[in-house]
Amino acid sequence: MLGAGTAMADTIKLTPEELSLETVLPVFEYPAVVKNRRVPIKGRFELGLMAGFILTEPLYTNTGFALSGTYNFTEKHGVNLFGLFLSGGLSANGERLRKGGFSREFDPSLAPFLENIILANYVYTAYYGKMSLSKKLVVNLSLSGLAGLGMVGYEDSQFLAMQLGVSQRFFFSKHWGINFDIRLLGHQGPDPTSLDLSSNGNITEKQPSDAFEETFFLKTTLAAGLVILF
Amino acid sequence: MKSFFQILIFALSMSLISSMSLAQDNPESVYDDFELELEPINEPQKKSVKKKKRVAKRRQAKRGKVNSLKLDPYKDIVTLQRKYLPKTERFELYGSFTYGLNNAFYNNIGAHISAGYYFTEKLGIEASYEFLLDSEREITKGLEKIDIDTRSLVIPESYYGVALKWAPIYGKLAWLNEQILHFDFYIAPSIGMTQTAIGGSELTYGFSMGQNFAISQSLAVRWDLRVGLYTAEVEELTANSNTPVRSSSPTEDVLFSVGLSYFLPEAKYR
């Protein structure tokens, strides 16, 4: 009787093709590789105090003070208001031109200066990470893309501007860090070379913006400084 | 009398034979005796050496120092095991697009290629070549329209040089909170030559920084920012003279490149 059970047993043989050849991991619909952030930014406000440079400004001062304020709706999305305030005056090339160093005199100071750049941006924070600077110092970092619209202000006029940029922030604690922005800025503005600003052209006084032809400028800006989180 | 001497000789010979046989059984016994004889002379020295060692050990323990000789097998400690993209004893081939960030009068767009070798995870060397295509910006066209000579503006055309790369920082980033990307950050002082549009070849001191974001164990996306400093020879006309005059112009090029790095051969893990 007992033997009958074993007599009914059968050996099942599977071919190698029917066997599983690889292991699989479950695919989650909403994966989260970082569960706990050391520096969360959701619902927080960031204030940036920075030095700003217009790297491709040919004739006028290219340094100034930059302020930025960012509100982060989530860890990924935020809005930013950025302002770069320039000190005015001529650059080294502008001074050289004014003194006749480029084959003849030309005085760019007779055209309006760019005084400020103010833009509102959408911020998308794609990357959040950490790096170890030493055994005891861990720095968190985030990398964001920016796109925005705004205005540039000359001494007597404003023009439309747009920008694309990248911002990298290094956080030393939950409340502060340092920030580096590189932005490509495009804007309309008066072209100082559209008038002969010299005694040859009979122009010796400062001219208003509407006396010049408008042209499109493409400039690279860099801002670096402190960021404080509230 | 005769028998006494016979017995004495017999006893002596027997003792001699027995000692010899003992020596044969234990050849070391001869040496033991020798050592026993010397012991009273050596013992004080050995004790003093042992005492010195004990004192030294206690002093070291107090200082909290560890005798590194005892840790020889553990000298090679790796704090980060099995890096995703190890670089030790591997070559890196890098190709990228380059854009000049700080030339106010010309657009500089070009390509950059380099080949490097890493001796360790942190240290390597790299040879680079870069060529740039220049086009005038609107401001330059405007100056030429009003007969202002722009020959004195420096136009870089190509660069070649070598750099020493130091990558002290390694980290991880979460991409959209869905995937982990590994990266390292390097700085690289360099020396090379920049060729300018008027045919000059200028000694250039440079400094670069950049990041490698690992895509696989052999491929990475890399960005690089290089600042090159040199004194370029230029020709310029002034308002007072129609003859071009040669002069020197200190110049700084800031070039940003983004591209791909390929590492070979296959990685070796520690």
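What you see is a predicted model, and the numbers here were worked out from it, not measured in a lab.

K.L.:
Whenever I open this one, the overall build of chain A confuses me. Can you help?
P.N.:
Tallying secondary structure elements over chain A gives 2 helices and 8 strands in all. Helices and strands appear in chain A in the N-to-C order α-β-β-β-α-β-β-β-β-β. Looking at the 230 residues of chain A, the share that counts as buried comes to 33%. Partitioning the intrachain contacts of chain A with sequence separation of at least 6 by distance along the chain shows that 65% fall at a separation of at least 24.

K.L.:
Looking at this model, I keep getting lost on the pairing of strand E2 (residues 63-72) of chain A. Mind explaining?
P.N.:
Residues in a regular strand point their side chains to alternate faces of the sheet. Residues and elements named next belong to chain A. Where strand E1 (residues 45-54) lies against E2, 9 bridges are found, and the strand directions are antiparallel. The residue bridging Ala51 from the neighbouring strand is Phe65, located in E2. One ladder, built from 9 bridges, connects E2 with strand E3 (residues 77-86); its direction is antiparallel. Pairing of Ala66 across the sheet is with Leu84, part of E3. Here E2 hands over to E3 after 4 residues, the two strands then running antiparallel side by side.

K.L.:
When you look at the interface of chain B and chain A in this model, what are you seeing that I'm missing?
P.N.:
Buried accessible area, meaning the area lost when the parts come together, often serves as the stated size of an interface. Every contact between the two is made by 33 residues of chain B and, on the other side, 29 residues of chain A. Breaking the side of chain B that touches chain A down by element, the ones donating at least two residues are helix H3 (138-145), strand E4 (156-175), strand E5 (179-196) and strand E7 (219-238) of chain B. Considering each element in turn, the side of chain B that touches chain A owes the most residues, 7 residues, to E4(B). Split into classes, the residues belonging to the side of chain B that touches chain A amount to 18 nonpolar, 9 polar and 6 charged. As judged from the 5 bridges shared by strand E4 (residues 114-132) of chain A and E4(B), these two strands associate in the antiparallel manner. Note on E4(B): the bridge partner recorded for Lys130(A) is Lys172(B).

K.L.:
Would you mind showing me how to read H3(B) here?
P.N.:
Quick reminder: α-helices carry 3.6 residues per turn. Residues three or four places apart thus point the same way. Residues and elements named next belong to chain B. Ile139, Thr140 and Leu143 are the residues of H3 that are buried. The arc that holds every buried residue of H3, seen down its axis, measures 100 degrees, which confines them to one face. On the buried face of H3, the contacting elements are strand E2 (106-118) and strand E3 (123-136). Trailing H3 by a residue or two, Asp147 shows a phi angle of about 60 degrees, which is positive.

K.L.:
Just checking my understanding: could you explain the confidence of the model for chain B for this structure?
P.N.:
Close inspection of predicted coordinates is inappropriate for parts of the model with low pLDDT. Residue and element names in this part refer to chain B. Of the residues in chain B, 70% reach a pLDDT of 70 or more, and the chain-wide mean stands at 77. At the level of individual helices and strands, chain B shows its lowest average pLDDT in helix H1 (residues 2-25), which scores 51, and its highest in strand E1 (residues 90-100), which scores 95. Note on residues 17-43: pLDDT is under 50 here. Beyond four places in sequence and across chains, it has 3 contacts. Of the regions scoring below 50 in pLDDT, residues 68-79 engages in 2 contacts with residues more than four places distant in sequence or in other chains. Scored as a complex, the prediction yields pTM 0.71 and ipTM 0.72.

Parameters at a glance
- Residues numbered from 1 in each chain as written.
- Chains lettered and ligands numbered in written order.
- Predicted model: local features only at pLDDT ≥ 70, side-chain atom pairs only at ≥ 80, totals over all residues.
- Helix = DSSP H or I, 4+ residues; strand = E, 2+ residues; numbered from the N terminus.
- Buried ≥ 20, exposed ≤ 12 C-beta atoms within 10 Å, placed from the backbone.
- Contact = placed C-beta atoms within 7 Å.
- Pairing = 2+ DSSP bridges.
- Nonpolar A, V, L, I, M, F, W, Y, C, P; charged D, E, K, R; others polar.
- Arc of directions from axis to C-beta.
- pLDDT = per-residue confidence, 0-100.

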